[in-house]
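Take a look at the letters that make up each chain.
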Amino acid sequence: MTEQPRLAEQNASVALPEPFVRWFGEKGWSPRAHQIELLARAQAGQSVLLIAPTGAGKTLAGFMPSLTELANRPRRKPGQAHGGIHTLYISPLKALAVDIERNLGKPVEEIGLPVTIETRTGDTPSHKRQRQKLAPPDILLTTPEQLALLIAAPDARRFFEDLRYVVLDELHSLVISKRGHLLALGLARLRAYVPGLQTIGLSATVAEPDELRRWLVGQNPAGEMAGLITVSGGARPDISILDSRERVPWSGHSARYAIPEIYEAIQKHRMTLLFVNTRSQAEMLFQELWRANEDSLPIALHHGSLDVGQRRRVEKAMADNALRAIVATSTLDLGIDWGDVDLVVHVGAPKGASRLAQRIGRANHRMDEPSKAILIPANRFEVLECRAALDANYLGAQDTPPLINGALDVLSQHVLGVACGAPFDADQLFEEVRSAAPYAGLERRTFDRVVDFVATGGYALKNYERYARIRQTRDGLWRVSNPRVAQQYRLNVGTIVEMPELNVRYVRQGRGMVGRGGPVLGKIEEYFAETLRPGDNFLFAGKVLHFEGIRENECVVSNGAGANIIVPSYAGGKFPLSTYLAEQVRGMLADSDRWQALPEQVADWLRLQKEKSVLPKRGDLLVETFPRGNRHYMVAYPFEGRLAHQTLGMLLTRRLERANARPLGFVATDYSLAVWALDDMAALFKAKKPSLGQLFDEDMLGDDLEAWLNDSWMLKRTFRTCAVIAGLIEKRFPGQEKSGRQVTVSADLIYDVLRSHEPDHILLQATRTDASAGLLDVSRLAEMLSRVRGRIMHKHLDQISPLALPVMLEIGRESVNGGANESLLMEAADLVEEAMGPRAKPDQEGLT
Amino acid sequence: MNFSLARATLIAEADVVGIAGERAICDPRGVLYFPDLRLLAVSDLHLEKGSSFARRGALIPPYDTAATLLRLQAVIADYQPAIVISLGDSFHDGGGAERMHQSFRERLEALMAGRDWFWVAGNHDPEAPADLPGETVRELAIGSLLFRHEPSKARTEGEVAGHLHPCARIVQRGRSVRRRCFAGDGGRMIMPAFGAYTGSLNVLDRAYAGLFRRETLMAYMLGAERIFAISGSMLRPG
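Within each chain, residues carry numbers counting from 1 in the order of the written sequence. For this description, chains carry letters from A and ligands carry numbers from 1, given in the order in which they are written. The model is predicted, so local features are restricted to residues of pLDDT at least 70 and side-chain atom pairs to those at 80 or more, both for listing and for counting; the totals for chains, interfaces and linings are taken over all residues.

The next point concerns the overall build of chain A. Secondary structure elements follow DSSP: runs of H or I of four or more residues count as helices, runs of E of two or more count as strands, with numbering from the N terminus. In terms of helices and strands, chain A carries 32 helices and 26 strands. Counting across all 848 residues of chain A, residues that qualify as buried make up 47%. Think of it this way: build a C-beta for each residue from its backbone, and any pair within 7 Å is a contact. At a minimum sequence separation of 6, the contacts of chain A that also span at least 24 residues come to 75%. Whether a residue is buried, exposed or partly exposed follows from its count of other C-beta atoms within 10 Å of its own C-beta, namely 20 or more, 12 or fewer, or something in between, respectively; the C-beta atoms are built from the backbone.

This brings us to the overall build of chain B. On a plain count of helices and strands, chain B comes out with five helices and 16 strands. Here the globule rule is a power law, 2.2 Å times the number of residues to the power 0.38, and the radius of gyration is based on C-alpha atoms. Over its C-alpha trace chain B gives a radius of gyration of 17 Å, about what one expects of a compact globule, namely 18 Å for 238 residues. Structurally, chain B occupies a C-alpha span of about 45 × 45 × 35 Å along its principal axes. Scored against the burial criterion, the 238 residues of chain B give a buried share of 50%. Long-range pairs, those at least 24 residues apart, make up 69% of the contacts in chain B with a sequence separation of at least 6.

Residue and element names in this part refer to chain B. Axis definition: a line fitted to C-alpha atoms, over the contacting stretch in the case of helices. Angles run 0 to 180 degrees between N-to-C directions. Direction vectors running N to C along helix α3 (residues 64-79) and helix α5 (residues 102-112) enclose 20°, while the axes themselves pass 11 Å from each other. Considering their axes alone, α3 and α5 lie roughly parallel with respect to each other. Of the two possible hands of crossing, α3 and α5 adopt the one that is left-handed. Each of Thr65, Ala66, Leu69, Leu72, Gln73 and Ile76 in α3 lies in contact with α5, whose residues at this interface are Phe104, Arg107, Leu108 and Leu111. Classifying every residue of the contact of α3 with α5 gives seven nonpolar, two polar and one charged. Oblique is the label for any angle not under 35 degrees, not over 145, and not in the 65 to 115 range, which are roughly parallel, roughly antiparallel and roughly perpendicular in turn. Helix crossings get a hand from a simple test, with the near helix turned counterclockwise from the far one by less than a right angle marking a left-handed crossing and a clockwise turn marking a right-handed one. Lys, Arg, Asp and Glu make up the charged group, whereas Ala, Val, Leu, Ile, Met, Phe, Trp, Tyr, Cys and Pro make up the nonpolar group; the residues left over, Gly among them, are polar.

Now for the sheet that holds strand β2 (residues 22-26) of chain B. All names here are of chain B. At least two DSSP bridges between two strands are required for those strands to pair. Strands sit in the order β1-β2-β3-β4-β5-β6-β7 across an open sheet of seven strands; the sheet is mixed. Here the strands that pair on one side only, and so sit at the sheet edges, are β1 (16-19) and β7 (135-137). Within this sheet the neighbouring strands show an average axis-to-axis angle of 25°, counted without direction.

All names here are of chain A. Those domain boundaries reflect an automatic or database domain assignment. Under the domain assignment, chain A is made up of domain 1 (18-230), domain 2 (238-395) and domain 3 (501-566). Contacts between domain 2 and domain 3 engage eight residues on the former and nine residues on the latter. A class-by-class count of the residues in the side of domain 2 that touches domain 3 yields four nonpolar, two polar and two charged.

So, on to the sheet that holds strand β6 (residues 198-203) of chain A. Residues and elements named next belong to chain A. Strand order in this open sheet of seven strands is β3-β4-β2-β5-β6-β1-β7, and the pairing throughout is parallel. For this open sheet the edge positions go to β3 (117-120) and β7 (227-230), each flanked by a neighbour on one side alone. Pairs of neighbouring strands in the sheet enclose a mean axial angle of 15°, with direction left out of account. Sheet analysis places strand β5 (residues 165-168) next to β6, joined by four bridges and oriented parallel. Across the sheet, the residue bridging to Val166 is Thr199, located in β6. Sitting on the sheet, helix α2 (residues 33-43) is in contact with β1 (48-51), β6 and β7, with an inclination near 170° to β1.

To continue, consider the nonpolar core. Counting residues in each nonpolar core, the largest one holds 306 residues, and the members touching the most others are Leu274 of chain A together with Ala41 and Ile230 of chain B. Among the elements that line this core, the one with the most residues is helix α16 (residues 408-421) of chain A, at eight residues. When buried Ala, Val, Leu, Ile, Met, Phe, Trp, Tyr and Cys residues are joined through C-beta atoms within 7 Å, the set is termed a nonpolar core.

Strand residues, when the strand is regular, have side chains that alternate between the two faces of the sheet. Residue and element names in this part refer to chain B. Within β2, five of the five residues are buried, leaving the element largely enclosed by the surrounding structure. Of the two faces of β2, the one carrying Glu22, Ala24 and Cys26 and the one carrying Arg23 and Ile25 are both buried. Both β1 and β2 contribute to a ladder of four bridges, which runs antiparallel. Counted as the bridge partner of Ile19 is Glu22 from β2. In textbook terms, the turn of a hairpin is the stretch between consecutive antiparallel strands, and for β1 and β2 this stretch comprises two residues, one of which, Ala20, has a positive phi near 50°. Relative to strand β3 (residues 32-34), β2 runs antiparallel, the two sharing two bridges. Bridge pairing in β3 links Ile25 to Tyr33. Here β2 folds back onto β3 in antiparallel fashion, the turn holding five residues, of which Gly30 has a positive phi close to 100°.

All names here are of chain B. Summarising burial for strand β16 (residues 227-231): four of the five residues are buried, a large majority. Bridge count between strand β15 (residues 218-222) and β16: five bridges; the pairing is antiparallel. Of the residues in β16, the one forming a bridge with Leu222 is Ile227. Linkage of β15 to β16, two consecutive antiparallel strands, is achieved through a turn of four residues.

Moving on: the confidence of the model for chain A. Averaged over all residues, the pLDDT of chain A is 82; the fraction at 70 or higher stands at 84%. A low-confidence stretch, residues 814-820 of chain A stays under pLDDT 50, and its non-local contacts, those more than four residues away or across chains, total four contacts. Here pLDDT means the predictor's own confidence in every residue, given as a number from 0 to 100.

We now examine the environment of Glu145 of chain A. All names here are of chain A. Positionally, Glu145 belongs in helix α6 (residues 144-151). Separated by 348 residues in the primary sequence, Glu145 and Val493 have C-alpha atoms spaced 6.6 Å apart. Sequence-distant contacts of Glu145, that is, excluding residues within four places in its chain, are made with Val493 and Gly494.

In structure tokens, the structure reads:
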């Protein structure tokens with residue numbers, strides 16, 4: 001538990017049991033004001049949201065109501081039946097639950113409380129789970145998926161009937177995903193078991209606390225909110241942007257230029273945490289640092305693809321202060337605090353100001369000492385973004401994505417889970433579901449379709465009545481048709497659907513594919529492994545690896561070396577620029593007074609842009625056109641993030657194609673978008689065929705979007721996730737691959753068939769909603785298009801502008817995923833033709 | 001010959017292959033047509049796979065039979081074959097024909113009318129499909145060709161088989177493309193699976209061991225409108 005050096009005034013109205021008072025006294029501490037206030041509100045029967053920075057003693061505050069109540073509980077007499085769970089603690093990370101068990105256990109023991117604390121995660125052995133059912137601990141620490149499983153058990157009501165509190169840790173990160181939807185539905189179920197149930201949410205700072213306050217309590221009546229306690233931030237962090245001696249590159253994400261300066265910083269501090277945005281950046285930075293590491297400082301690597309054992313070793317070394325630096329991605333992002341970090345280095349743009357605030361909170365986990373952080377922008381636009389983020393942090397600005405409505409695939413999973421636990425009445429369950437904040441606006445019609453989907457697939461062709469998973473019996477209740485349904489449900493619970501992955505298995509060099517092989521280094525996405533050919537070298541787990549081949553579900557590697565090293569690309573981990581930060585960056589561009597705060601080379605770049613082209617006003621959209629080579633380019637600067645820009649690029653090229661501008665391609669970054677064509681687009685705009693305003697008209701989000709979406713690979717990918725969550729297809733488990741692709745039905749094939757035969761099916765609706773919000777960022781694009789209407793500034797140039805340079809350098813690095821597969825095949829087929837001459841063919845006569 | 005001329009003019013040279021001296025068109029939709037025999041071969045329809053899964057609790061959309069029949073209908077309309085051979089695993093399981101929706105059964109019967117139709121027995125459907133016309137056979141020899149469901153391990157010139165659901169994969173410009181394919185070495189031909197829900201297995205998988213002469217193995221990968229003939233040496237596993 002974190003230290004409690006600050007004294008707070010005792011709140012006389014709160015009954016703090018004597019052992020607690022003594023414990024605080026022995027430690028020379030006294031409870032903090034927010035801990036006492038939270039206790040007082042909880043004792044008055046309220047649910048509470050506590051917003052506090054890291055290091056504020058949040059966790060102890062969250063458990064205070066439970067611990068004081070349990071301390072006053074009469075002891076269980078011998079022979080008396082075990083009570084149920086008293087307090088349920090839910091965290092987004094398994095590791096966090098384990099961490100809390102350790103940290104909470106200590107004060108509980110010191111105070112001498114007769115309280116049992118246990119974890120229940122995917123790693124908990126089955127005998128322990130069974131024992132927990134018979135003799136539940138007082139406090140159970142678990143994850144949203146485990147709660148869903150507990151609810152789907154026939155003894156759920158008994159297990160939870162004594163429940164008093166649910167403590168939800170890192171609530172801000174839980175609520176923004178589908179896991180949050182599943183958890184909200186689980187909470188609604190718990191409230192149905194125990195109407196007086198109180199919740200305590202622990203959260204970092206968020207933009208809209210009211211959303212979380214509603215989330216914590218039943219929405220009957222709608223709009224009900226939990227109480228709010230806010231602890232203002234500790235000492236102001238000391239953050240700087242690296243003002244590099246080197247030239248900051250125009251584009252790219254590696255920040256290689258700054259390696260010597262980063263290394264110097266590591267040398268000067270006890271323990272440095274280096275954060276990057278993607279796993280590939282982590283691998284690259286780690287490699288580069290070791291190349292510079294003349295003193296052989298202990299520098300470690302930590303990211304989600306690495307083997308668990310290796311990650312645990314790094315975490316332990318960190319806790320023991322045996323390391324000088326760790327390169328990490330978001331796996332270390334959440335509230336786990338170990339070790340004595342005195343510097344946080346953030347490589348690449350922080351993308352969202354809240355994210356930045358949290359990462360910096362990692363340093364110096366004591367509220368009153370200032371945290372120290374250095375931002376390392378990887379390119380010039382990132383310099384602007386870092387500056388904006390920095391200003392935002394000082395301003396205390398907070399931005400988290402707006403909460404979205406509860407997903408229907410998650411609801412389907414929940415409905416089946418409820419049925420697995422006990423028969424349900426549809427009217428009652430509907431009311432219960434609507435009491436969960438994400439589903440407060442759910443319509444009865446939609447709910448009924450979900451139930452129909454769970455029962456028979458919900459198809460217009462009523463073919464599966466006899467295979468129904470749940471059925472309505474004569475008493476009007478829905479129940480599972482047979483026990484196998486519940487078994488299947490248990491195997492597939494959860495909302496995290498991984499990309500197919502392969503284990504990376506290390507073998508000694510020269511052994512090739514034979515032999516049992518050595519340790520597993522971690523996991524790698526299947527689609528990346530598929531692009532490798534034996535002999536390729538790639539970077540993983542901080543090593544250069546030599547690709548030997550794929551054996552069943554393993555990617556076999558040996559020690560590699562040499563040039564031409566490929567860095568794996570990962571699908572996850574790319575965060576788009578937050579709306580708030582984008583706004584800040586636009587503001588900074590428009591206001592030349594603020595350039596003084598920028599490094600000289602970057603300010604120069606903007607001055608040059610002003611001279612050669614123009615800088616847009618804060619609310620305007622700048623569109624530049626210029627010829628280059630035998631092509632014509634259009635570069636737009638919406639600053640709305642890569643996802644929204646990709647969608648915009650797809651739609652713009654469709655329109656330009658219709659206008660016969662013969663577009664050839666586009667590339668999108670977080671900041672801007674470049675489209676190139678054979679025809680002069682500036683001339684088209686001038687002749688109003690179409691005008692620039694027409695080209696960027698919001699109506700592109702209608703039919704154009706619809707038409708493009710249906711063929712989009714993004715929709716297929718999203719469908720797969722929805723279909724797994726909704727229980728239409730089963731999760732893939734490691735090793736299943738062996739059974740062969742020809743046996744299973746792939747989600748892509750199901751998608752194609754369903755789309756052509758029942759385009760309005762509820763799962764396709766859920767898929768489109770998901771894709772619009774997620775991969776396409778349609779809402780953000782819509783806001784942008786509406787904002788810039790009548791405010792598009794066109795500048796025609798003879799040549800490329802300074803501002804356009806970064807995006808132009810991206811051309812060729814990132815390919816547009818489209819119909820290109822056929823042309824790749826043609827290339828391969830032509831290659832054969834070329835190499836081998838026209839194939840010997842049978843006699844052709846008589847064919848035509 | 002009665003072979004539809006309109007279709008013939010569309011066929012690129014690359015789509016024509018020789019199997020034991022017999023000319024065949026590899027149609028990018030996944031069927032083989034032997035113009036001299038007026039014979040259409042289609043493999044692994046796996047009709048009623050959807051309902052077969054539903055029976056076991058996975059309620060995947062019940063439209064696969066409709067989708068498969070629709071595509072088969074288009075192919076038959078183009079070639080107007082006198083003989084159709086369904087090369088086994090026509091139904092996903094023994095009860096498939098029985099479960100088939102009446103409207104689909106009628107559609108299938110309409111396709112069968114006026115031609116010789118052979119159901120080759122497969123491992124999924126060893127028995128004759130219930131209440132459907134057509135002749136069920138274990139294998140069928142026509143001219144120099146031998147049609148059977150599972151390719152035999154012994155070398156057999158002129159064998160046309162299914163069962164394995166071949167697909168092939170290439171990597172070009174750092175990107176991977178995987179497609180269903182016909183796999184042949186000039187002597188034997190293994191057909192891609194035609195059914196809407198059928199997956200596929202890479203021709204380099206061990207399941208194909210010993211079936212082809214390595215030097216002459218070609219994968220005829222299915223494109224949107226044409227076949228791409230790729231030599232075995234360019235193929236990738238997985």
